[in-house]
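One letter stands for each residue in the lines below.
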Amino acid sequence: MIHRQLMEEFQRWSEKENRKPLVLRGARQVGKTTLVDEFSKRYDVYIKLNLEQSADAFIFSKSDDVKEIYQYLCVQKKVVVDSAKRTLLFIDEIQNEPKAVGLLRYFYEEMPWLHIIAAGSRLQTLIKQRVSFPVGRVEYLSLRPCSFLEYLNAMGEDALSQMIRSVNVPSVYHEMILAHFNRYALVGGMPEALVDYAQNGDVVRLAPIYRSLLDSYNEDVEKYARNDNQVRVIRHLLTHGWAEAGQAITFNRFGGSNYTSKEVHEALEVMQKAFLLSLDYPVTAVKAPAIPALTRQPKLVWVDSGIMNFSVDIQTEYLQNSSLLDVWKGHAAEQIVAQELRVVLDRNYRNEQYFWVRDKKGSNAEVDFVWQYQSAIIPIEVKSGTNAHLRSLHSFMSQPDAPDVAIRIWTGEFGIDEVVSPTGHPFRLINIPFYYVGVLDKVLESVVHCNHLPINKHKNIRL
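Rules of the game
- Residues numbered from 1 in each chain as written.
- Predicted model: local features only at pLDDT ≥ 70, side-chain atom pairs only at ≥ 80, totals over all residues.
- Heavy atoms only, no water.
- Salt bridge = Lys/Arg side-chain N within 4 Å of Asp/Glu carboxyl O.
- Helix = DSSP H or I, 4+ residues; strand = E, 2+ residues; numbered from the N terminus.
- Buried < 20%, exposed > 50% of the residue type's maximum accessible area, 1.4 Å probe, protein only.
- Polar contact = N/O pair within 3.5 Å; in protein donor to acceptor, adjacent residues only side chain to side chain.
- Contact = heavy atoms within 4.5 Å.
- Pairing = 2+ DSSP bridges.
- Axes fitted to C-alpha atoms, helices over the stretch in contact; angles between N-to-C directions.
- Parallel < 35°, antiparallel > 145°, perpendicular 65-115°, else oblique.
- Left-handed = near helix turned anticlockwise from the far one by under 90°.
- Nonpolar A, V, L, I, M, F, W, Y, C, P; charged D, E, K, R; others polar.
- Phe/Tyr/Trp six-rings, centres within 6.5 Å; stacked < 30°, edge-to-face > 60°.
- Lys NZ or Arg CZ within 6 Å of the ring centre and 35° of its normal.
- Core = buried A, V, L, I, M, F, W, Y, C linked by side-chain atoms within 4.5 Å.
- Expected span 1.5 Å × (residues − 1).

S.K.: I'd like to hear about the pattern of salt bridges, residue by residue, with values.
M.R.: For the structure on display, the rule yields 24 salt bridges. Close ionic contact of Lys41 with Glu38 constitutes a salt bridge, the shortest N to O distance being 2.9 Å. For Arg211, the salt bridge goes to Asp215, with nearest N and O atoms at 3.3 Å. Pair noted here: Arg211 and Asp215 are both in helix H11 (residues 207-224), with a separation of four residues, about one helical turn. Here the salt bridges do not stand alone but share partners, grouping Lys299, Glu334, Glu366, Asp368, Glu381 and Lys383 into one network.

Structure (structure tokens):
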């Protein structure tokens, strides 16, 4: 069992005084059911339903009375009704019985002592049926593929994980942890693949797992596509879209097809609701708030780097290159960084990830990511080399109202350069090794408050 960081969020939710039913979202086979099963061990009573099974779904078609429904479930599952005992009701694949979704509010209002978690791999199908979760009566958590910290846990490297969590990796461990990160980027974070790799250490063995995951996504298409044409478009995207990972895309004729911009855009949005990918749009400002330019081309980020590597057949590149930045022209690095940042976004209750483009005709300046920290928008480049090569970042930092901090993600060790932009704007360039991306929020807090981080400031550089 891989320890998932979301377990702590589950615990905080369960301890709330005004606790609402929890809706757990995430792509197929990221471990939602396994996580809830593990969390259930903290309860006296566990009632588990799978609404894909008619025996479990039956009662929701027969009654609107939540107390009657609960009593029936207790009889069916041979559980004694006792509100004094900590009881968890888990409704899996809840999208199969839309009526159960509407009843969540009444469980919350009439049986507040009952802990309820609902989940489903195709919650977006409710949109087709014009069913939504009760506004203000439920709360949400998202489960992603395993993060790098969870990878280290699976590999039995808890000591290394703790160093990263505390943002205090001694120099002697840098190459060791970086090698782990490169292998994590290769394997990805899908639990089944990660468990197999942790047990056998053989990437070749993972091919059937990746193939099975892709097949399952293809099989699900009819269940959430709006019509037959959208089924065809989504299947095209699942076949040809992986090659565009980490890159800005054009909707029209995507992947060499004849599909229109509208057809591709709508299909991608359906897949985004299924947590299979995200469309990350650019911002053009350098000052908060971060407002996306929705008329610009978005970047395509897939659910998992391991499936992506398998789909575009670049696994051997990881073994032939010592630096992640050299794999697949750097697209592999952008994909895994985006994947790690998504976990940080979830932890900070944010939904959208952005990058930056300069709002000037003829300019091709583009910063890989931005992160809003308090009132500042901080640029993030995934690059190696000297500061002189960070042209787009310097273009960002030369804008009026630019922040006094920028970030470079690289293969080197942590450090801070004091830099001056071409327009004379001084700023601190925080050099973050790949393995710190998943704790970016903690790194920023540590730098801003100048606490225990081993800051090695370099000489002032004017570019």
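Here the narrative resumes.
S.K.: Account for the side chain of Asp368, with residues named and values stated.
M.R.: Among the secondary structure elements, Asp368 is positioned in strand S11 (residues 366-373). For Asp368, a relative accessible area of 5% gives the class buried. Among the polar contacts made by the side chain of Asp368, one reaches the main-chain amide nitrogen of Val382 at a distance of 2.8 Å. When residues no more than four places from it in sequence are discounted, the contact partners of Asp368 are Lys299, Glu334, Tyr354, Phe355, Ile380, Glu381, Val382 and Lys383.

S.K.: So, the sheet that holds strand S9 (residues 299-302): which residues are in play, and what are the values?
M.R.: Strand order in the open sheet made by the three strands is S6-S9-S7, with antiparallel pairing throughout. A strand with exactly one partner marks an edge of an open sheet, and here the two such strands are strand S6 (247-248) and strand S7 (277-280). With four bridges connecting them, S7 and S9 associate as antiparallel partners. The residue of S9 that forms the bridge with Leu279 is Leu300. This element, helix H13 (residues 261-273), spans S7 and S9 of the sheet and lies at about 120° to S7. This element, helix H16 (residues 331-347), spans S6, S7 and S9 of the sheet and lies at about 70° to S9.

S.K.: Tell me about the packing of helix H1 (residues 6-14) against helix H2 (residues 32-39), and please be specific about residues and values.
M.R.: Their axes nearest at 11 Å, the elements H1 and H2 cross at an angle of 55°. Taken together, the axes of H1 and H2 lie oblique to each other. Taken as a pair, H1 and H2 cross one another with a handedness that is right-handed. Contact residues: Leu6, Met7, Phe10, Gln11, Trp13 and Ser14 in H1; Leu35, Val36, Glu38 and Phe39 in H2. Looking at the contact of H1 with H2 residue by residue, the classes come out as seven nonpolar, two polar and one charged.

S.K.: Go over the packing of aromatic side chains, please, and point to the residues and values.
M.R.: Working definition: an aromatic ring pair is given by the centre-to-centre distance plus the angle between the planes. With the rule as written, the count across this model stands at 15 aromatic pairs. For the pair Phe181 and Tyr184, a centre-to-centre distance of 5.8 Å together with 65° between the ring planes defines the contact as edge-to-face. Of this pair, Phe181 and Tyr184 both sit in helix H9 (residues 174-187), separated by three residues, roughly a single helical turn. Judged by centre distance (5.0 Å) and plane angle (75°), the rings of Trp356 and Phe396 are edge-to-face. Of this pair, Trp356 sits in strand S10 (residues 354-357) while Phe396 sits in helix H17 (residues 391-397); the two residues are 40 residues apart in sequence, bridging distant segments of the chain. Accessibility classification places Trp356 together with Phe396 in one group, the buried group. Put simply, the rings of Phe148, Tyr151, Phe181, Tyr184 and Phe434 pair up and form one aromatic cluster. Lying over the aromatic face of Phe355, Lys299 brings its terminal NZ or CZ to 4.7 Å of the ring centre.

S.K.: So what about the nonpolar core? Which residues, and what values?
M.R.: Phe10, Ile117, Ile164, Phe434 and Tyr436 are the most contacted members of the largest nonpolar core, which totals 114 residues. Ranked by residue count, the leading element in this core is H16, at eight residues. Setting aside anything within four residues of it in sequence, one finds Phe434 in contact with Leu178, Phe181, Leu324, Leu325, Ala333, Val337, Val382, Ile409, Trp410 and Thr411.

S.K.: Provide a residue-level description of H9, including the pertinent values.
M.R.: Across its 14 residues, H9 extends 20 Å between first and last C-alpha, which sits within 8% of the 20 Å expected from 1.5 Å per residue. Most of H9 is tucked away: 10 of the 14 residues are buried. By the burial criterion, the buried members of H9 are His174, Ile177, Leu178, His180, Phe181, Asn182, Tyr184, Ala185, Leu186 and Val187. Positioned one or two residues after H9, Gly188 has a phi angle of 85°, which is positive.

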